[in-house]
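Take a look at the letters that make up each chain.
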Amino acid sequence: MSAHAGGYSADPRIRWIESLPWIVAIAAFFALPEYLSLGARILIYILYALSLDLIVGYAGIITLGHSAYFGLGAYVAGILAAKAGIGDPMVQLAAAAAAGALLGISTGAIILRTRALTLLMLTLAITSVLLEIANKATALTGGADGLSGVVVAPVLGLFKFDIFGKTAYLYCLLVLLLGWWLVRKLIYSPFGTSLTGVRENSLRMHAIGAPVYWRLVLVYTLSATIAGVAGGLITQTNQFVGLNVLSFESAGELLVMLILGGVGRIYGAFVGPVVYLIAQDLLAKQFPEYWYFGIGTMLVLVVMFARGGILGILDGMLANLRRKP
Amino acid sequence: MEAFFASLVSVAFHGAALGMILYVISVGLSVTMGLMGFANLAHGVFAMAGGYVLTTAISRFGAPFPLALALAFVFVAAASVVLERLLYSRLYTASDLEQVLFTIGLIFISVAVARFVYGTLQQPVVLPDYLKGQFALLGRDFPAYRVFIIVFSSVMVGLLWFGVERTRWGAMVRATVDNRAMAQSVGIDTRRLFTLTFALGSGLAGLGGGLGAEIIAIQPTYPFENLVYFLVVVAVGGLGSLRGPFVAALLIGIADTACKYWLPQYGAFPIYVATIAILLWRPAGLFGRRA
């Protein structure tokens, strides 16, 4: 059995160490004011990775097309802001969430009837369809040039998005807190346990009478909703939407972040994006060729030698320390 | 009417050429997935490598075209044996997710290496004189190179089918696809069979990549950009079969060409929608056996 924290055996109460990410986030706000836009990006990707972890890590649904929901959320928020003149960030975010949920349930209900390669292929095809629509419907999306002119009104009419990114950072942090709370609640609930059961052995879950298909559709929809919110956030902080939000590379990158942190553990989705995006900020612009080479090599090495990601390695080291004395 | 008929013939012709290329590239993927259950997303890397071998052999070393084509096959097949023994074989029993991630990692590496060695520009293909120009048939002119692609691929496909249906090696492959445990117990060395079949499939991908370098542009993002097409061929055709992907590849080649010709404003949209519809109708593909 894998060492996943979840299910009835785990204590659902929040441990003190779980406040660490939030302390770090707030400390970063005060200590690194010039990096707040990168910080906001990291927070958004954590939320996005959390949504992916829910389906890949906990429910065991392998997808290459999670960017469909992220991209849809991004475009819905962007189109509302740039074309419909609706500037309120809460309304934009709610619309992005609703769009993600709607697409999630309609596609999930169809594709979750299939398995393995067919499922993988369908997720890829759905994202490709959306990408093609975004590319060709230039009147609405700006096509390959991207959607600019995104205007976001002050949050709750009070907090304006400033050029230093202070508001954006705190705003993303709050949304992430909400998302984390929801995902954590979900994972420690009986529902979360049944998802782990489906991942480990879906045949037995059928045999004990669990409604496997509906559980999967539900978690897929929830995940798509959260991804839609993350997409809405990226539009609001960038004030621009490009085709890359829907690309296969972006879905692949997200998978890389999740693997790097550790799949099937809620804080893997925190560690991965932090490490990946900071490394990208430091290295990718100077050495683009080496960057992709490094990412690929790291992915191969993680799969070969460290399947639990960074957190898995830490776990192993901790266990060793405890055993020694 | 005559104009419409002419465009119909042209679409069918160019579509068939594209379909044949897609088949030669993807058939190896179908066999690897059917034989080993390995989700090899990096299959396009072999095709890209074949394309680079061909263009380099011709433009840098002045190799004649047939030799360059053969080199594309041999180089890629040899390289794939090394990869299979060193890396792939360790992951045969791993989960789908790990195989997917591992092969995405290989794609990232290959994209970086290709960009480092060749730059981001598309590689030009220098064709020999006898493959340039037009080929007259039934009062119509066809580009000679496309005719060559169709004829050459047909021969390759014929050889492959003969090999799988009529030889001892083919019988062993079919037996292993049907039931690996049983095949092992009657004394088939499935490990060696895997390696050989993997090499053959990858070599064919390299050959297809080189042969189709003029149709599917050779550039570093090749494995990413065309991944969907290769996977569609395999998923729609059905895993582990030879005929399924053939029909699927021709369908996709012709449909894609038709869409680009008559409905350019929709791009590849109709192809993806059709793929989704077919997979929902028959999740195991058109010719796949229910797992």
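Residues numbered from 1 in each chain as written. Chains lettered and ligands numbered in written order. Predicted model: local features only at pLDDT ≥ 70, side-chain atom pairs only at ≥ 80, totals over all residues.

## Thoughts on the overall build of chain B
In step 1: Helix and strand counts for chain B come out as twelve helices and two strands.
In step 2: Ordered by position from the N terminus, the helices and strands of chain B form the series α-α-α-α-β-β-α-α-α-α-α-α-α-α.
In step 3: The C-alpha extent of chain B, read off along each of the three principal axes, is 60 × 45 × 35 Å.
In step 4: Taking all 291 residues of chain B together, 49% fall into the buried category. (Helix = DSSP H or I, 4+ residues; strand = E, 2+ residues; numbered from the N terminus. Buried ≥ 20, exposed ≤ 12 C-beta atoms within 10 Å, placed from the backbone.)

## Section: the overall build of chain A
In step 1: Within chain A one finds 14 helices and zero strands.
In step 2: Starting at the N terminus, the α and β elements of chain A follow one another as α-α-α-α-α-α-α-α-α-α-α-α-α-α.
In step 3: In terms of overall size, chain A behaves like a compact globule, its C-alpha atoms giving a radius of gyration of 19 Å where 325 residues would be expected to give roughly 20 Å.
In step 4: Across its three principal axes, chain A shows a C-alpha extent of roughly 55 × 45 × 40 Å.
In step 5: By the burial criterion, 51% of the 325 residues in chain A qualify as buried.
In step 6: The contacts in chain A between residues at least 6 apart in sequence include a share of 79% that link residues at least 24 apart. (Rg over C-alpha atoms; globule rule 2.2 N^0.38 Å. Contact = placed C-beta atoms within 7 Å.)

## Remarks on the interface of chain B and chain A
In step 1: The interface of chain B with chain A comprises 37 residues on the first partner and 35 residues on the second.
In step 2: Secondary structure elements with two or more residues in the side of chain B that touches chain A: α4 (96–118), α10 (227–237) and α12 (269–281) of chain B.
In step 3: At 16 residues, the largest contribution of residues to the side of chain B that touches chain A is made by α4(B).
In step 4: For the side of chain B that touches chain A, the class distribution of residues is 29 nonpolar, four polar and four charged. (Nonpolar A, V, L, I, M, F, W, Y, C, P; charged D, E, K, R; others polar.)

## Notes on helix α5 (residues 116–136) of chain A
In step 1: When the terminal C-alpha atoms of α5(A) are compared, their 31 Å separation across 21 residues agrees well with the 30 Å that a helix rising 1.5 Å per residue should span.
In step 2: α5(A) sits mainly inside the fold: 16 of its 21 residues count as buried. (Expected span 1.5 Å × (residues − 1).)

## Topic: the pairing of strand β2 (residues 140–143) of chain B
All names here are of chain B.
In step 1: As paired elements, strand β1 (residues 134–137) and β2 share four bridges and run antiparallel to each other. Looking at the pairing, Phe135 lines up with Phe142 of β2.
In step 2: Hairpin connection of β1 to β2: two residues between the antiparallel strands, including Leu138 at a positive phi of 50°. (Pairing = 2+ DSSP bridges.)

## Some points on helix α3 (residues 67–82) of chain A
In step 1: An ideal rise of 1.5 Å per residue puts 22 Å on 16 residues; α3(A) measures up with 21 Å between its terminal C-alpha atoms.
In step 2: Most of α3(A) sits inside the fold, with 16 of its 16 residues counted as buried.

## Overview of the environment of Phe108(B)
In step 1: Inspection of the secondary structure assignment puts Phe108(B) in helix α4.
In step 2: Residue Phe108(B) is classed as buried on the basis of its 27 C-beta neighbours within 10 Å.
In step 3: In this structure the C-alpha to C-alpha distance between Phe108(B) and Asn179(B), which are 71 residues apart in sequence, comes to 34 Å.
In step 4: Apart from residues no more than four positions distant in its own chain, Phe108(B) is found in contact with Tyr292(A), Ile295(A), Gly296(A) and Leu299(A).

## With respect to the packing of helix α1 (residues 2–36) of chain B against helix α5 (residues 144–166) of chain B
Residues and elements named next belong to chain B.
In step 1: Between α1 and α5, the least distance of the axes is 9 Å, while the angle of their chain directions is 40°. When the axis of α1 is compared with that of α5, the two are oblique. The element α1 and its partner α5 pack so that their crossing is left-handed. On α5, the residues touching Phe13, His14, Ala16, Ala17, Met20, Ile21, Tyr23, Val24 and Val27 of α1 are Arg146, Ile149, Ile150, Ser153, Met156, Val157 and Leu160.
In step 2: Grouping the constituent residues of the contact of α1 with α5 by class yields 13 nonpolar, two polar and one charged. (Axes fitted to C-alpha atoms, helices over the stretch in contact; angles between N-to-C directions. Parallel < 35°, antiparallel > 145°, perpendicular 65-115°, else oblique. Left-handed = near helix turned anticlockwise from the far one by under 90°.)

## Brief notes about unusual backbone geometry
In step 1: Look at Gln239(A): it is not a glycine, yet its phi comes out positive at around 55°.
In step 2: Mapped onto the elements of the fold, Gln239(A) is located in the loop between α10 (212–238) and α11 (248–261).

## Some thoughts on the packing of helix α6 (residues 168–178) of chain B against helix α8 (residues 190–211) of chain B
All names here are of chain B.
In step 1: Orientation of α6 relative to α8, taken along the N-to-C sense of each, is 110°, at an axis distance of 11 Å. Taken together, the axes of α6 and α8 lie roughly perpendicular to each other. Contact with α6, carried on its side by Met172, Val173 and Thr176, involves Thr190, Leu193 and Thr197 of α8 and no other residues of that element.
In step 2: Among the residues making up the contact of α6 with α8, the classes are represented as three nonpolar, three polar and no charged.

## Considerations on the confidence of the model for chain B
Interpretation of the predicted coordinates at a detailed level should be avoided for regions scoring low in pLDDT.
In step 1: On average, residues of chain B score 87 in pLDDT, and 99% of them reach the 70 mark or higher.
In step 2: Model confidence for the complex is summarised by a pTM of 0.86, with the ipTM given as 0.82. (pLDDT = per-residue confidence, 0-100.)

## Considerations on the confidence of the model for chain A
In step 1: Looking at chain A, pLDDT values average 85 and 96% of them are 70 or higher.
In step 2: Low pLDDT, under 50, characterises residues 1–8 of chain A; the stretch is placed with 15 contacts to residues that sit more than four places away or in other chains.

## Let's talk about the environment of Thr123(A)
Residue and element names in this part refer to chain A.
In step 1: Tracing the backbone through its elements, the reader meets Thr123 in helix α5.
In step 2: When the C-alpha positions of Thr123 and Leu64 are compared, they lie 6.0 Å apart, and in sequence the two are 59 residues distant.
In step 3: Aside from chain neighbours lying at most four places away, what touches Thr123 is Thr63, Leu64, Gly65 and Ile111.

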